[in-house]
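Listed below, chain by chain, are the residues.
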Amino acid sequence: MISVVQRVSQARVVVDGEVVGQIGAGLLVLLCAERGDADGQADKLLAKIVKLRVISDDAGKMNRSVQDTGGGLLIVSQFTLAADVSGGNRPSFTGAALPDEGRRLYDYFVAQARLVHPQVETGQFAADMQVHLVNDGPVTIPLRIPPGA
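Described below are features of the structure shown in this document. Note that the structure is a prediction, hence the values are computed from the model and not measured.

What counts and what doesn't
- Residues numbered from 1 in each chain as written.
- Predicted model: local features only at pLDDT ≥ 70, side-chain atom pairs only at ≥ 80, totals over all residues.
- Heavy atoms only, no water.
- Helix = DSSP H or I, 4+ residues; strand = E, 2+ residues; numbered from the N terminus.
- Rg over C-alpha atoms; globule rule 2.2 N^0.38 Å.
- Buried < 20%, exposed > 50% of the residue type's maximum accessible area, 1.4 Å probe, protein only.
- Contact = heavy atoms within 4.5 Å.
- Areas by Shrake-Rupley, 256 points an atom, 1.4 Å probe, with all protein chains shown as cover.
- Lys, Arg positive; Asp, Glu negative; His and termini not counted.
- Charge placed at Lys NZ, Arg CZ, Asp CG, Glu CD.
- Phe/Tyr/Trp six-rings, centres within 6.5 Å; stacked < 30°, edge-to-face > 60°.

Some words on the overall build of the protein chain
Link 1 in the chain: On a plain count of helices and strands, the protein chain comes out with three helices and eight strands.
Link 2 in the chain: Going residue by residue from the N terminus, the α and β elements of the protein chain occur as β-β-β-α-β-β-α-β-α-β-β.
Link 3 in the chain: On C-alpha atoms alone, the protein chain measures out to a radius of gyration of 15 Å, which is about the 15 Å that the 2.2 N^0.38 rule sets for 149 residues.
Link 4 in the chain: Evaluated residue by residue, the protein chain yields a buried proportion of 40% over its 149 residues.
Link 5 in the chain: By sequence separation, contacts in the protein chain at least 24 residues apart represent 72% of the contacts at least 6 residues apart.
Link 6 in the chain: Summed over its atoms, the accessible surface of the protein chain is roughly 7,800 Å², and 50% of this surface lies on carbon and sulfur atoms.
Link 7 in the chain: Separation between the mean location of the 14 positive side-chain charges and that of the 16 negative ones in the protein chain comes to 6 Å.

Right, here's the structure in full:
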């Protein structure tokens, strides 16, 4: 699984003019399931994200996690994270999980996140979404748990 995690002061997802998910301070998680991923990759990635020390403490050092602060998690599916441009300028997405499996793994990830974190919001799988965010820092961290890991 691939993710891009952004520390935000606020973020929201809009679909067809309606806000479908919104948080204040916390983490925006862009999430992509790859071919060959299973629940184990989702579990490992989620464990890493909720403990990721990217939130500043009182001294201004990145020493706190979203779990420590109780900040929000906004989880948004984004299959384009699996883009491969090694063969030219038009991205190939053959590394992304097939839609049914991608949805299953996304739903699984969200369900597991809701078990371990008090504030979890989402985008809408496979929708045309507009993601609005204020990146705090900016802090942007790419994470990947490869298939089979």
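Read on for the rest.
Some remarks on the packing of aromatic side chains
Link 1 in the chain: Tallied over the entire structure, the rule returns two aromatic pairs.
Link 2 in the chain: An angle of 70° between the planes, with centres 5.0 Å apart, marks the rings of Phe 79 and Phe 93 as edge-to-face. Of this pair, Phe 79 sits in the loop between strand E6 (72–77) and helix H3 (99–116) while Phe 93 sits in the loop between E6 and H3, and the two are 14 residues apart along the sequence.
Link 3 in the chain: The partly exposed category is assigned to Phe 93, whose relative accessible area is 31%.
Link 4 in the chain: Ring geometry for Tyr 106 versus Phe 125: centroids 5.8 Å apart, planes at 40°, classification tilted. With Tyr 106 in helix H3 and Phe 125 in the loop between strand E7 (120–122) and strand E8 (130–144), this residue pair connects regions lying 19 residues apart in the sequence.

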